[in-house]
Every structure is written in C-alpha cells, then in structure tokens.
Amino acid sequence: MGITEIFSKIRHHFFEYRRIYGSCSLIIYFKNRIPKFKQSDIKKIYVSRGDTNRRPCLNEKHLEERIQSLGFKIICTTPLTLKERIELFSGADIIAGPCGAGMFHNLFMKDNTALFSIGTPEMNKNSSAFTNIGTPKNQDSYIFCGHNKDKSNPTTDSWEIDVDICMDAITHAISAL
C-alpha cells in the first residue's frame with residue numbers, strides 16, 4: 001500500500017472515528033502504533049506543494065525564499081518513503097506549509113510542537129483535522145489565510161498569500177513558542 005493510500009485511510013478513519021469517539025483517543029491510538037525510527041536533525045520544515053498543479057499557491061516560491069531566512073528547510077514529501085517521512089517529521093519542532101495532505105505529517109511529530117497551515121478560508125476548513133491531530137500532543141496550531149485568484153472553484157483554484165503578513169505572523173508566533 002502506497003503512502004497516499006495510507007494517509008487516505010488514516011484521514012477517512014480519523015473523521016469517522018472522531019465522529020463516534022472523539023479525536024484525541026484516535027490520535028493516541030495511531031501515535032502508539034507509529035514505528036520508532038531515528039529522528040532527523042531538521043527542526044523547522046516547510047512542506048512545499050511545488051510539485052503539484054492542484055491548488056497552486058501562485059507566490060509560493062517567494063514565500064519559500066522568505067521562510068528559509070527563518071531557518072526552515074523546504075521539503076517536497078512526494079518522493080520520500082514512509083520511513084523517511086516519519087524520520088523527518090518526528091524530529092521537527094515546527095512545520096509550515098499550504099493546507100494539503102503533506103500537513104498530515106504532524107501525526108509523526110513529537111509532543112509540544114507547532115504547525116502553521118497556510119491556505120484560503122475554504123482550504124483551511126480542513127485545517128481542523130490538523131488541529132485535532134495536534135491537540136493530544138499539545139501542538140500549537142496557526143492558520144493563515146490567503147485569497148483565491150480565480151473564483152470558479154475556491155477549493156481547487158490558484159491562490160495567493162500576503163507573504164509579508166504571513167512572515168510577520170510566523171515570526172511572531174515562533175518568538176512566542
């Protein structure tokens with residue numbers, strides 16, 4: 001089973017289990033079953049969507065350039081194996097990136113960490129899933145909203161973020177951690 005199928009299964013079970021039992025018990029269930037691997041030394045990760053045409057952030061490259069100045073490493077998770085993803089994210093203190101499947105890697109993060117989800121208001125409706133994953137791990141969650149460029153389908157169209165405002169917010173949030 002590929003990583004996409006694994007995450008789809010986790011996400012499906014997450015929403016169904018949360019509806020019945022509540023999210024915290026499900027996350028604890030999954031957390032206790034994730035294999036332990038060597039943790040990466042990378043502490044700040046930006047999860048890039050640069051390898052997909054779906055919901056492209058039109059100024060993501062500019063955001064990536066700026067966020068690197070805060071010590072973030074830009075990662076595209078698509079080519080990574082599940083083991084590499086667990087190693088990478090289990091060592092991270094902070095992850096940031098556009099709302100999408102890559103942000104579900106906060107499941108692998110240790111306790112007392114932070115997640116910055118970036119997207120449009122429509123995309124960030126799903127960010128409650130990331131927040132629910134982080135809650136039993138005492139994970140701080142931050143949501144930053146951009147705006148759609150096209151108005152035909154707000155969940156799949158291209159969008160932009162105000163990079164200056166986003167960077168100010170991330171810088172401020174990091175200083176408060």
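For clarity, every value in this text was computed on a predicted model and none was experimentally measured. (Residues numbered from 1 in each chain as written. Predicted model: local features only at pLDDT ≥ 70, side-chain atom pairs only at ≥ 80, totals over all residues. Heavy atoms only, no water.)

Draft legend 1. Looking closely at the overall build of the protein. Scanning the protein from N- to C-terminus turns up six helices and seven strands. Reading the helices (α) and strands (β) of the protein from amino to carboxyl end gives α-α-β-α-β-α-β-β-α-β-β-β-α. By sequence separation, contacts in the protein at least 24 residues apart represent 68% of the contacts at least 6 residues apart. A total accessible area of about 9000 Å² is found for the protein, and carbon and sulfur atoms account for 53% of it. (Helix = DSSP H or I, 4+ residues; strand = E, 2+ residues; numbered from the N terminus. Contact = heavy atoms within 4.5 Å. Areas by Shrake-Rupley, 256 points an atom, 1.4 Å probe, with all protein chains shown as cover.)

Draft legend 2. Summary view of the packing of helix α3 (residues 60-68) against helix α6 (residues 163-176). The geometry of α3 relative to α6 is characterised by a closest axis approach of 10 Å and an angle of 30 degrees between their N-to-C directions. As the angle between them shows, α3 and α6 are arranged roughly parallel. The two elements α3 and α6 meet at a crossing, and its hand is right-handed. Counting all contacts with α3, which are made through H62, L63, R66 and I67, the residues of α6 involved are V163, D164, C166, M167 and I170. Considered class by class, the residues forming the contact of α3 with α6 number six nonpolar, one polar and two charged. (Axes fitted to C-alpha atoms, helices over the stretch in contact; angles between N-to-C directions. Parallel < 35°, antiparallel > 145°, perpendicular 65-115°, else oblique. Left-handed = near helix turned anticlockwise from the far one by under 90°. Nonpolar A, V, L, I, M, F, W, Y, C, P; charged D, E, K, R; others polar.)

Draft legend 3. Representation of the pairing of strand β3 (residues 94-98). Across the five residues of β3, five count as buried, placing the element largely inside the fold. Judged from the three bridges that link them, strand β1 (residues 44-47) and β3 form a sheet pairing that is parallel. Pairing of K44 across the sheet is with I94, part of β3. Inspection of the sheet shows β3 paired to strand β4 (residues 114-119) by five bridges, in the parallel sense. (Buried < 20%, exposed > 50% of the residue type's maximum accessible area, 1.4 Å probe, protein only. Pairing = 2+ DSSP bridges.)

Draft legend 4. Quick peek at the confidence of the model for the protein. Residue-level pLDDT values for the protein average 80, and 76% of them are 70 or greater. Within the protein, strand β2 (residues 73-75) carries the highest mean pLDDT (97), whereas helix α1 (residues 3-21) carries the lowest (53). (pLDDT = per-residue confidence, 0-100.)

Draft legend 5. Layout of the sheet that holds β3. The five strands lie next to each other as β2-β1-β3-β4-β5, forming an open sheet whose pairing is parallel. Looking along the sheet, the strands with just one partner apiece sit at the ends: β2 and β5 (140-145). Each neighbouring strand pair of the sheet contributes to a mean axis angle of 20 degrees, computed without reference to strand direction. Across the sheet, α3 is in contact with β1, β2, β3 and β4; its angle to β1 comes to roughly 175 degrees.

Draft legend 6. Highlighting the nonpolar core. Counting residues in each nonpolar core, the largest one holds 38 residues, and the members touching the most others are F116 and I161. Counting residues per element, the ones that place at least two in this core are β1, α3, α4 (82-90), β3, β4, α5 (127-134) and α6. In terms of residue count, α6 provides more of this core than any other element does, six residues in total. Setting aside residues up to four positions removed in sequence, I161 forms contacts with C57, N59, L63, I118, F144, C145, G146 and C166. (Core = buried A, V, L, I, M, F, W, Y, C linked by side-chain atoms within 4.5 Å.)

Draft legend 7. Spatial organisation of the state of the cysteines. Using the criterion set out here, one finds zero disulfides in the structure. The thiol of C145 is not disulfide-bonded; the next cysteine sulfur, from C99, is found 9.5 Å away. (Disulfide = S-S within 2.5 Å.)

Draft legend 8. The arrangement of the environment of P98 in detail. One can find P98 in strand β3. Spatially, the C-alpha atom of P98 lies 9.2 Å from that of R55, the residues being 43 residues apart in sequence. Leave out the neighbours within four places in its chain, and P98 touches Y46, V47, R49, E60, M103, I118 and W159.

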